[in-house]
Amino acid sequence: MAAPADAAVLVGLGSELDLPVVAQAAQEAADHGRPLHLLHTFDWSAAFAADTVAAPRDQAEKLITRAAQLAHQTEPGLTVRGEIVESSMLPTLIRRSEVAFLLAVGDSGMAGSGQCVPAETTAVQLAARAGCPLLVVRREPPPQGPVLVGVDGSPSSHLALQWAVECAGRRDARLLALRVVEYDEDTDAVAEQLTEAMARHTGRDNTVPTECRVVRGDPAEVLIDTSRNAQVALVAARGDEPGRAMLGAVAQSLLYHSPAPVVVVRGLAEAPLTGPGAGPTGDQRP
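Residues numbered from 1 in each chain as written. Predicted model: local features only at pLDDT ≥ 70, side-chain atom pairs only at ≥ 80, totals over all residues. Heavy atoms only, no water.

Per an unreviewed UniProt entry, the chain carries the name UspA domain-containing protein and comes from Micromonospora noduli. Per UniProt, the comment on the chain under Sequence similarities (unreviewed entry) is "Belongs to the universal stress protein A family." (UniProt positions renumbered as here; feature names shortened; annotations may be inferred.)

## Regarding the nonpolar core
Counting 50 residues, the largest nonpolar core has L36 and L175 as its most contacted members. Apart from residues no more than four positions distant in its own chain, L36 is found in contact with V9, V11, A25, A26, A29, A71, L78, T79, V80 and R81. One finds L10, L93, V235 and L255 within the second-largest nonpolar core, a separate group that totals 37 residues. (Core = buried A, V, L, I, M, F, W, Y, C linked by side-chain atoms within 4.5 Å. Buried < 20%, exposed > 50% of the residue type's maximum accessible area, 1.4 Å probe, protein only. Contact = heavy atoms within 4.5 Å.)

## Regarding the side chain of H201
The residue H201 is located in helix α7 (residues 187-202) in this model. We classify H201 as buried; its relative accessible area is 11%. Of the polar contacts made by the side chain of H201, one reaches the backbone oxygen of H158; its length is 3.3 Å. (Helix = DSSP H or I, 4+ residues; strand = E, 2+ residues; numbered from the N terminus. Polar contact = N/O pair within 3.5 Å; in protein donor to acceptor, adjacent residues only side chain to side chain.)

## Focus: helix α6 (residues 155-171)
For α6, spanning 17 residues, the distance from its first C-alpha to its last is 25 Å, which sits close to the expected 24 Å at 1.5 Å a residue. Among all positions of α6, only S156, S157, H158, L159, A160, L161, W163, A164, V165, C167 and A168 are buried. A positive phi of about 55 degrees marks D172, the residue just after α6. (Expected span 1.5 Å × (residues − 1).)

## Here's the deal with the sheet that holds strand β3 (residues 80-85)
Spatially, 10 strands are ordered β3-β2-β1-β4-β5-β10-β9-β6-β7-β8 in an open sheet, and the strand pairing comes out mixed. Whereas interior strands pair on both sides, the edge strands pair on one side only; in this sheet they are β3 and β8 (210-216). If you compare each strand with its neighbour and ignore which way they point, the axes differ by 20 degrees on average. Summarising the sheet, strand β1 (residues 9-13) and strand β2 (residues 36-41) pair through five bridges and their orientation is parallel. Bridge pairing in β2 links G12 to L39. Across the sheet, helix α4 (residues 89-97) is in contact with β1, β2, β3 and β4 (102-106); its angle to β2 comes to roughly 155 degrees. Strand contacts of α7: β7 (175-181) and β8, with the helix running at about 155 degrees to β8, the strand carrying the most contacts. (Pairing = 2+ DSSP bridges. Axes fitted to C-alpha atoms, helices over the stretch in contact; angles between N-to-C directions.)

## Digging into the layout of surface pockets
Of the volumes computed, that of the second largest pocket is approximately 310 Å³. Around the second largest pocket, the lining is made up of 16 residues, and of these Q24, Q27, P142, Q144 and R171 lie nearest the centre. Those elements that provide at least two residues to the lining of the second largest pocket are α1 (19-32) and α6. Among the residues forming the lining of the second largest pocket, the class breakdown is five nonpolar, four polar and seven charged. (1 Å grid on protein atoms, 1.4 Å probe; cavity = no way out; pocket = protein on both sides within 12 Å on 5 of 7 lines; lining within 4 Å. Points joined across faces, edges and corners; volume = space filled by probe spheres on them. Nonpolar A, V, L, I, M, F, W, Y, C, P; charged D, E, K, R; others polar.)

## Notes on the pattern of salt bridges
For the coordinates displayed, the defined rule picks out nine salt bridges. The salt bridge partner of E211 is R174, with a shortest N-O separation of 2.7 Å. A residue pair is termed long-range when its members are at least 10 positions apart, and E211 in strand β8 and R174 in the loop between α6 and β7 qualify at 37 residues. Here E211 falls in the partly exposed class, since its relative accessible area comes to 26%. Within this structure, R81, E83 and R96 form a network of salt bridges that share partners. (Salt bridge = Lys/Arg side-chain N within 4 Å of Asp/Glu carboxyl O.)

So this is what it looks like as structure tokens:
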């Protein structure tokens, strides 16, 4: 599917703890030439349970105002829209993601918590069900390391690689494409395939410094460990895991345990590459 030409970077705001999401989403919106849409959902049941009905609504207004101010401070020329919706957060974001360029949310404190993460956590559900790529922002800022992308050879992982190439280019960062293989696989052959895939995505005039790395081991463990030095980690929602319905085990583990921000690339048309320098055929986001 293709996002509309004016599709925004959508931010799901739950509370002031999500303000770090705004700054990073504003940068993404500016980099892609997209507007920023701040969305907060309002629960009237909670409002009636408060000391005064007006207080929760006033807090919601203040949150949107503060988030918009932060977005303008981060990217002064950015078009920013704020909205308060009287609905539940998860179904609203899933519905709105169908026409968004990118959806950005906080991680609900997952990174570094050392606790079991409920499957109904908003970020986890969105990673499985959103209609566009999802950016999950951590509360602690990441290092200025490379852009990391996990590639397993599946069509969806090629889409993640394509998104990562553009991401690295806009950030003026090095791109590290990582392929984790089983112990009985031919690493030389896999390395050649990864290098060829990178060349097809970057083209002849690419100015992004790239590295292709093939490692033996457990894909989730290797990606999580490598992501500790990355400024952002990208992965396909499901990859080459036909037995998984909506969210693959590797994407889920990275989402839970990576200290870096994670982009789960989903909601894009899956098709093979055709020709030198060509991206996947069919509709896609720029």
